[in-house]
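Structural characterization, general
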Amino acid sequence: MRRLTILGCLLATLSAQEPPREGIFGEVRTVDGKPWVGAAITLLHVAHPALIDERFVDRVTTTTDERGRFRAQLLTGMTYVVWAHGPVVDGMWRSSALVRDVAAGVPVLLQEADPQQPRRVRLQLDPGWRGTAAVVALPHFGPFTLREELRLEQGEAVLPLSPESSVTVQVELDGVPVYRSFVSTRFAAFVTRRKRVASENGQPEPDETELRREFERPQVLAVAAPVEHRIRLVDSKQRPLPGARVVEDGREPRRLLGIADQDGVVRWVHAPEARLPNRALAFAVDCAETEIGNSDWVEATLGEPKDKAMAVGTAVRGRLLVGDGVPAAAQPLLLEGSIALASGGTFFGVDARLFTTSADGTFEVPGRIASHSYYLTTVLTPPQRALLAGPSKAPVAAVALLVPPSGEAPADLGELRLDRLRPLDLQVVGVDGGISGPVAIVVIPHPRAGLGDAPHEPLAARTDRHGRLRLLATAGAECAVWAMGQNGAAWAIVKPGDKERRLQLDAAHALALQVVDPDGKPLTGITVHVVTPAGSPVGDEGKALLPRVRDAFMVHGFPGKQVVTDAQGLGQLVMPFAGVGIDVVFYRGRESMRITLSGAAFTPGQPTRVEFVPNGG
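What counts and what doesn't
Residues numbered from 1 in each chain as written. Predicted model: local features only at pLDDT ≥ 70, side-chain atom pairs only at ≥ 80, totals over all residues. Heavy atoms only, no water. Helix = DSSP H or I, 4+ residues; strand = E, 2+ residues; numbered from the N terminus. Buried < 20%, exposed > 50% of the residue type's maximum accessible area, 1.4 Å probe, protein only. Contact = heavy atoms within 4.5 Å. Areas by Shrake-Rupley, 256 points an atom, 1.4 Å probe, with all protein chains shown as cover. Axes fitted to C-alpha atoms, helices over the stretch in contact; angles between N-to-C directions. Parallel < 35°, antiparallel > 145°, perpendicular 65-115°, else oblique. Left-handed = near helix turned anticlockwise from the far one by under 90°. Nonpolar A, V, L, I, M, F, W, Y, C, P; charged D, E, K, R; others polar. Pairing = 2+ DSSP bridges. Phe/Tyr/Trp six-rings, centres within 6.5 Å; stacked < 30°, edge-to-face > 60°. 1 Å grid on protein atoms, 1.4 Å probe; cavity = no way out; pocket = protein on both sides within 12 Å on 5 of 7 lines; lining within 4 Å. Points joined across faces, edges and corners; volume = space filled by probe spheres on them. Expected span 1.5 Å × (residues − 1). Arc of directions from axis to C-beta.

1. Points about the overall build of the protein chain
- Assigned secondary structure in the protein chain consists of 6 helices and 47 strands.
- For the protein chain, the proportion of its 617 residues judged to be buried stands at 51%.
- At a minimum sequence separation of 6, the contacts of the protein chain that also span at least 24 residues come to 68%.
- On the protein chain, roughly 27900 Å² of surface is accessible, and the fraction owed to carbon and sulfur atoms is 51%.

2. A closer look at the packing of helix H2 (residues 187-200) against helix H3 (residues 208-216)
- Two elements in contact, H2 and H3, have axes separated by 11 Å at closest approach and are oriented at 120°. Here H2 lies oblique to H3, going by the angle between them. The element H2 and its partner H3 pack so that their crossing is right-handed. Counting all contacts with H2, which are made through Phe187, Phe190, Val191, Arg194 and Lys195, the residues of H3 involved are Glu208, Leu211, Arg212, Glu214 and Phe215.
- A class-by-class count of the residues in the contact of H2 with H3 yields 5 nonpolar, no polar and 5 charged.

3. Topic: the pairing of strand E38 (residues 479-484)
- Within E38, 6 of the 6 residues are buried, leaving the element largely enclosed by the surrounding structure.
- Across 6 bridges, strand E35 (residues 440-445) lies against E38 in antiparallel orientation. Note that in E38 the partner of isoleucine 444 across the bridge is alanine 480.
- What sits between E38 and strand E39 (residues 489-494) in their antiparallel hairpin is a turn of 4 residues.

4. Some points on the packing of aromatic side chains
- Considering all chains together, one arrives at 8 aromatic pairs under this definition.
- Between the aromatic rings of tryptophan 491 and phenylalanine 577, the centroid separation amounts to 5.2 Å while the plane-to-plane angle is 90°, which identifies the pairing as edge-to-face. Of this pair, tryptophan 491 sits in strand E39 while phenylalanine 577 sits in the loop between strand E44 (570-574) and strand E45 (582-588), and the two are 86 residues apart along the sequence.
- With relative accessibility at 26%, the residue tryptophan 491 sits in the partly exposed group.
- Through successive ring pairs, a cluster of aromatic residues spans Phe187, Phe190 and Phe215.

5. Overview of empty space enclosed by the protein
- On inspection of all chains with the given rule, the structure shows 5 cavities of 30 Å³ or more.
- Approximately 110 Å³ is the volume attributed to the largest cavity.
- Forming the walls of the largest cavity are 13 residues, and the residues nearest its centre are Val443, Leu471, Leu472, Ala473 and Cys479.
- Those elements that place two or more of their residues in the lining of the largest cavity are strand E32 (399-406), strand E37 (468-473) and E38.
- Per-element tally for the lining of the largest cavity: the top contributor is E37, with 3 residues.
- For the lining of the largest cavity, a count of residues per class yields 13 nonpolar, no polar and no charged.

6. A look at unusual backbone geometry
- Non-glycine residue aspartate 101 carries a positive phi angle of around 60°.
- With respect to the helices, strands and loops of the structure, aspartate 101 is situated in strand E7 (residues 99-102).
- The backbone phi angle of glutamine 154 is positive, close to 55°, even though this residue is not glycine.
- Summarising the element assignment, glutamine 154 is placed in the loop between strand E12 (148-149) and strand E13 (156-158).

7. Here's the deal with the environment of glycine 430
- Along the chain, glycine 430 falls in the loop between strand E34 (422-429) and E35.
- Along the sequence, glycine 430 and aspartate 506 sit 76 residues apart, while their C-alpha atoms lie 8.0 Å from each other.
- Not counting residues up to four positions away in its chain, the partners in contact with glycine 430 are Ile435, Ser436, Gln504 and Leu505.

8. Some thoughts on H2
- With 14 residues, H2 extends 20 Å from end C-alpha to end C-alpha; this agrees with the ideal 20 Å at 1.5 Å per step.
- Taken together, the buried positions of H2 are Phe187, Phe190, Val191 and Ala198. Down the axis of H2, the buried side of the element spans an arc of 95°, and every buried residue falls inside it.
- For H2, the secondary structure elements touched by its buried residues are strand E15 (176-184) and H3.

9. Overview of the sheet that holds strand E4 (residues 69-75)
- Taken in spatial order, the 3 strands of this open sheet run E4-E1-E8, and their pairing is mixed. The open sheet is flanked by E4 and strand E8 (108-111), the only strands paired with a single partner. Recorded for the sheet is a direction-independent mean angle of 30° between the axes of neighbouring strands.
- Note that strand E1 (residues 21-29) and E4 share 7 bridges and pair antiparallel. Along E4, the bridge assignment pairs glutamate 22 with leucine 74.

By themselves, these figures tell us nothing about what the structure is for.
Set out below in structure tokens:
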């Protein structure tokens, strides 16, 4: 009885806890720069882009006052996307553009964008279509995409409104996407896209009056008849693999395409020219993940199903508990790591699998190659973050590291407990030693953890306005942590359970640039994008970590990785290492230039002058 009482108290505490909140101040201006009075404001936090479960979403709404200003209370240390909007008036919907990476304690300014006109689409199915088609709109809201099934009336439907300039429309058959298209919801974006297409095809620039007429008509979605694909999944001894799954490849949350029957045959449909991923990935409990390329799909439609052999693999399984005997039911888990694809490359991000625990906290992820390293994280709800914060005032990161990075894939991880995660408290201070304000934190597993040279997904978090953050991980999860602010960066090697680590931002990490034309005139609106850090001496620890940082930079939007030059041609990048060269792309429209800048070229506080010569360098 005493144990039941303790467990009941634990669960009650878990559900009752609320994480701390801090205030934010904002202002909204209309197109002509005046205060936007009565605008509806939405502030949205999502713990992970792949989650739209309400347990992991914090949605705050408010309205602007007579001066176009608003205030709200946000979760401490969490990032939000923010936008303003008004009702549909005279057939037009007013809204601002999305502002991302907003945190409590930092003022935000929203500017009204071009109005949107509610758009209609007309579905035109090929005569060979079989089955009932469902039409789904996927409006984008910064960190995640909503899903809204459209109701067709005489073959037409009105698209939902979104602060973004386009909405993805998807046609599905039996829940499987067979067609996808992007429909512009702002006339200016529609014109820009049509003019670009005309220019690329050597056609004359279209007339804007005719474009307006086209924009106001329903956009026709002509969907070809889907083709059925059949592939037989077998193991290395040509035995069928019933229950194996085939999913879409890509960085978006994957969709299930099909499950193998008793003969190992997987069937799914796909419409030609559908703008869907041209690859899929197959999973089986006792076999490793394998890639199914576009050529396999084509062959799979002809005659008998093509055999796709899968090598022996290892299923990762275990049980997640909140506390002693209390299962963490329906808890989102992320298994991330490297994977060798048929194309011969080794990638990360491709292999990030989002799944959930069962009612008793158990989980099983199929298809790991034992030699391929990985780590396991969980996404924490706000009440869980509040409970795990304890007496600390520091906000708890939304993602916690459950399994230290490993170079092997053990079959059974046993019991993992949230209450046994060890804290790592960070305190980031500014260049002058004062309060840094909200700062982005990037965590990369250290090579000493047994990962070799395999790249990995970094963890991303943010401090509160006092520069505080608590990371949660299991013992032995040695990591490199970077703090990146507007004026500098700092990094350190840390372990969970260490005492509070103080990091002071260093201005030597802030790289100022001035982009000019061949005549020396400053160029505004030039996008400067860091492709990857280039090799330079950064100390023994830095040399060991540089390859991993370089790999991570290639595919992730780190803070300070990209900047747009101002009216004086100035922009500032923030790098994880000081004195390291960088491969940089400069572009404006279709004009671009790629060069390598040496770390020695940068002087703290002084802009490095770069001449923009399109297609040069």
